[in-house]
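A closer look at the structure
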Amino acid sequence: MAYGTQVTINGVDMVSIVDPLIYLDFIISPVSGSRSYSVPAGMTLQFMMGTNSDNRAPNVSISGNTITWNNVSQIGMLYVFAGY
């Protein structure tokens with residue numbers, strides 16, 4: 001018997017896409033801003049995001065260990081993580 005979590009979308013195993021990773025932040029406010037993080041050696045700063053009520057995704061960019069965003073909301077949230 002296998003243990004763990006399995007999430008598939010259109011036959012794609014989403015857990016293996018984002019694993020292994022280290023969640024660093026979950027951002028729903030402020031609407032615009034930037035943050036810097038300590039990222040473990042060998043990993044890079046990455047993100048996943050939702051869409052807002054107008055079905056538009058937030059604007060997000062990463063430069064080194066700093067993420068910058070615009071139009072983040074409780075619906076269009078931003079997950080920040082370190083991954084391979």
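Anyway, here's the lowdown on the structure attached to this text. (Residues numbered from 1 in each chain as written. Predicted model: local features only at pLDDT ≥ 70, side-chain atom pairs only at ≥ 80, totals over all residues. Heavy atoms only, no water.)

The next subject is the sheet that holds strand β4 (residues 33-36). If you walk across this open sheet you meet the 3 strands as β4-β7-β6, and the pairing is antiparallel. Every interior strand has two partners, whereas the edge strands, β4 and β6 (59-63), have only one. On average, adjacent strands in this sheet sit at an angle of 15° to one another, irrespective of strand direction. For β4 and strand β7 (residues 66-70), the ladder comprises 4 bridges, and the chain directions are antiparallel. Within the sheet, the bridge partner assigned to Arg-35 lies in β7 and is Ile-67. (Pairing = 2+ DSSP bridges. Helix = DSSP H or I, 4+ residues; strand = E, 2+ residues; numbered from the N terminus. Axes fitted to C-alpha atoms, helices over the stretch in contact; angles between N-to-C directions.)

The strand order β3-β8-β5 describes an open sheet built from 3 strands, whose pairing is antiparallel. Since the sheet does not close on itself, it has two edges, and those belong to β3 (21-27) and β5 (44-49), each with one partner. Looking at each pair of strands side by side, their axes are set apart by 25° on average, direction ignored. Sheet analysis places β5 next to strand β8 (residues 78-83), joined by 6 bridges and oriented antiparallel. By the bridge assignment for β8, Leu-45 is matched with Ala-82.

Taken as a whole and judged by the stated rule, the model has 2 aromatic pairs. Judged by centre distance (4.9 Å) and plane angle (45°), the ring pair of Phe-26 and Tyr-79 falls under tilted. Placement of the pair is Phe-26 in strand β3 and Tyr-79 in strand β8, with a sequence separation of 53 residues. (Phe/Tyr/Trp six-rings, centres within 6.5 Å; stacked < 30°, edge-to-face > 60°.)

Nothing here speaks to function; it is all geometry.
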